[in-house]
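Structural characterization, general
Here's the letter readout for the chains.
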Amino acid sequence: MNRVMALDFGDARIGIAMSDIMKIIANGYETYKRVNEEKDLQYLVGLVKPNLVDEIVFGLPINMDGTEGERVTKTRDFADKLQQLLPQTKIHFQDERLTTVTGERMLIEAGVRREKRKGVIDKIAATIILQQFLDCKR
């Protein structure tokens, strides 16, 4: 069995989540602070083998009206570059509308302070993206 990794791709940070080996439950993994595209890609490639990842899901930041803007283009471009480095790994896209809002609401309800929320919100959003993807596959 292998895992699915989800990425909440942003300009400053990438939220990362991993599924269990049965691909049922999403777990937050980390919030990675971006360095530059080359180092970011190498970091993600380095997570694939030791974590037995065979699929990667990118959250796709589609606009609320359903259109695709600049963020979607940046996400797809980065995903294409990652795909070239990991030709055996399947890449998927999952609509991520409102995942950050949902994650923020969950953290507020849990009493997490604003300063701490910033450090984990991307990981939480990646976890929500992954769980939605896993639920849709079943």
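See the structure shown above.
Criteria and cut-off values
- Residues numbered from 1 in each chain as written.
- Predicted model: local features only at pLDDT ≥ 70, side-chain atom pairs only at ≥ 80, totals over all residues.
- Heavy atoms only, no water.
- Phe/Tyr/Trp six-rings, centres within 6.5 Å; stacked < 30°, edge-to-face > 60°.
- Helix = DSSP H or I, 4+ residues; strand = E, 2+ residues; numbered from the N terminus.
- Lys NZ or Arg CZ within 6 Å of the ring centre and 35° of its normal.
- Pairing = 2+ DSSP bridges.
- Axes fitted to C-alpha atoms, helices over the stretch in contact; angles between N-to-C directions.
- Contact = heavy atoms within 4.5 Å.
- Buried < 20%, exposed > 50% of the residue type's maximum accessible area, 1.4 Å probe, protein only.

Right, let's talk about the packing of aromatic side chains for a bit. Counted according to the given criterion, the structure contains four aromatic pairs. Summarising the aromatic geometry, the rings of Phe58 and Phe78 are spaced 6.3 Å apart at their centres and angled 70 degrees between planes, so their arrangement reads as edge-to-face. Taken as a pair, Phe58 in strand 4 (residues 53-60) and Phe78 in helix 2 (residues 70-85) lie far apart in primary sequence, 20 residues in all. Through successive ring pairs, a cluster of aromatic residues spans Phe9, Phe58, Phe78 and Phe93. We note Arg76 situated over the ring of Phe93; from NZ or CZ to the ring centre the distance is 4.9 Å.

Note that strand 2 (residues 13-19) and strand 3 (residues 26-33) share seven bridges and pair antiparallel. Within the sheet, the bridge partner assigned to Ala17 lies in strand 3 and is Gly28. Connecting the antiparallel pair strand 2 and strand 3 is a turn made up of six residues, with Lys23 showing a positive phi of about 60 degrees.

Right, let's talk about the sheet that holds strand 3 for a bit. Two pairing modes exist for strands in a sheet, parallel and antiparallel, and in both the strands are linked by backbone hydrogen bonds. With mixed pairing, five strands are arranged side by side in an open sheet as 3-2-1-4-5. With one partner strand each, in any of the chains shown, strand 3 and strand 5 (90-95) form the two edges of the open sheet. Strand-to-strand, the axes of this sheet are offset by a mean angle of 25 degrees, without reference to chain direction. Running over the sheet, helix 2 touches strand 1 (3-9), strand 2, strand 4 and strand 5 and is turned about 165 degrees from strand 4.

Further remarks concern the environment of Asn51. Tracing the backbone shows Asn51 in the loop between helix 1 (37-48) and strand 4. Since its relative accessible area comes to 17%, Asn51 is described here as buried. If we ignore the near neighbours within four places in the chain, the residues touching Asn51 are Arg3, Met18 and Tyr29.

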